[in-house]
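Residue-level structural notes
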Amino acid sequence: MTSLSTTEALRPSRSTAIGVVGFAAAVAAASQIAIPLPWTPVPITLQPMLVVLAGMWLGPAAGAASMALYLAAGAAGLPVFTPIGAPGLARFFGPTGGYLLAYPAAAWVAGALNRRASTLFTRCLAAIAGMVVIFFGGLAQLTLLTGSVSRAVQLGITPFAALDLVKAFFAAVISGSRIVRRGV
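Structural notes, computed from the coordinates. Note that the structure is a prediction, hence the values are computed from the model and not measured.

Side note on the overall build of the chain
For the chain, the helix and strand inventory stands at nine helices and two strands. N-terminal to C-terminal, the α/β element order of the chain is α-α-β-β-α-α-α-α-α-α-α. Long-range pairs, those at least 24 residues apart, make up 70% of the contacts in the chain between residues at least 6 apart in sequence. Total accessible area on the chain is roughly 9500 Å²; 72% of this is exposed by carbon and sulfur atoms.

Regarding the environment of Ser-15
Positionally, Ser-15 belongs in helix H2 (residues 14-31). Looking at Ser-15, the relative accessible area reads 54%, which means it is exposed.

Description of the nonpolar core
Counting 40 residues, the largest nonpolar core has Val-51, Met-67, Tyr-70 and Tyr-103 as its most contacted members. Put simply, the parts of the chain that give this core at least two residues each are H2, strand S2 (40-44), helix H3 (47-58), helix H4 (60-75), helix H5 (97-115), helix H6 (120-146), helix H7 (149-156) and helix H8 (161-175). Those residues in contact with Val-51 that lie beyond four places of it in its chain are Val-27, Met-67, Tyr-103, Ala-106, Ala-107 and Ile-134.

Description of the packing of aromatic side chains
Scanning all chains against the criterion turns up five aromatic pairs. Taking 5.6 Å as the distance between ring centres and 80 degrees as the angle between the ring planes, the aromatic pair formed by Tyr-70 and Phe-81 counts as edge-to-face. Note that Tyr-70 is positioned in helix H4 and Phe-81 in the loop between H4 and H5, a separation of 11 residues in sequence. With a relative accessible area of 1%, Tyr-70 lands in the buried category. Judged by centre distance (5.7 Å) and plane angle (70 degrees), the ring pair of Phe-169 and Phe-170 falls under edge-to-face. Residue class for Phe-169 comes out partly exposed when judged on its relative accessible area of 36%. Among the aromatic residues, those joined into a cluster by ring pairs are Tyr-70, Phe-81, Phe-92 and Tyr-103.

A closer look at empty space enclosed by the protein
The method is simple in principle: a probe with the dimensions of a water molecule rolls over the atoms, and the space it marks as empty is what remains. Tallied over the full model, the rule gives one cavity of 30 Å³ or more. Taken together, the elements giving at least two residues each to the lining of the largest cavity come down to S2, H3, H5, H6 and H8. Grouping the amino acids of the lining of the largest cavity by side-chain chemistry returns 12 nonpolar, four polar and three charged.

Focus: the pairing of S2
Within S2, four of the five residues are buried, which leaves it mostly tucked inside the rest of the structure. Direction of pairing for strand S1 (residues 35-37) relative to S2: antiparallel, over a ladder of two bridges. Note that in S2 the partner of Leu-37 across the bridge is Thr-40. As consecutive antiparallel partners, S1 and S2 are separated by two residues.

What counts and what doesn't
Residues numbered from 1 in each chain as written. Predicted model: local features only at pLDDT ≥ 70, side-chain atom pairs only at ≥ 80, totals over all residues. Heavy atoms only, no water. Helix = DSSP H or I, 4+ residues; strand = E, 2+ residues; numbered from the N terminus. Contact = heavy atoms within 4.5 Å. Areas by Shrake-Rupley, 256 points an atom, 1.4 Å probe, with all protein chains shown as cover. Buried < 20%, exposed > 50% of the residue type's maximum accessible area, 1.4 Å probe, protein only. Core = buried A, V, L, I, M, F, W, Y, C linked by side-chain atoms within 4.5 Å. Phe/Tyr/Trp six-rings, centres within 6.5 Å; stacked < 30°, edge-to-face > 60°. 1 Å grid on protein atoms, 1.4 Å probe; cavity = no way out; pocket = protein on both sides within 12 Å on 5 of 7 lines; lining within 4 Å. Points joined across faces, edges and corners; volume = space filled by probe spheres on them. Nonpolar A, V, L, I, M, F, W, Y, C, P; charged D, E, K, R; others polar. Pairing = 2+ DSSP bridges.

Set out below in structure tokens:
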């Protein structure tokens, strides 16, 4: 392989670049619809579903890049995070910071596992694995802030686990649809 063809092979396609920007924008849009719960500082959003779907649809590298772009936009002060909480870079140090920082890893894990997935069940497992990565990030941050793992679980996992399983199922269904498989 010549260096020119190597460069072309490493260059992302136009559709991949559009997908990276598109998923970053979709996660930003989903963050604007946040349902606060009175007993936790973490709101309900569709962001986790879109994070794992980004990895499953775009692949691990592009999915992670999309989430890194989303985080960079938020860190720069663009209004891409939920309206609840500190703006910009400060958001990473608050109660939802761990979830956010786990987004690129979650997209990568879901995308990598989805490459081997051939059934709805295995796609569900890939999506659930991505959700688990998000939960670990959130749990770590909330544990630092509360000083208690059990309190962190109460605030950041218990209220969301069942709903996020449903979101993982829908991500698996969407990622396996004919439209996605054809790349249309």
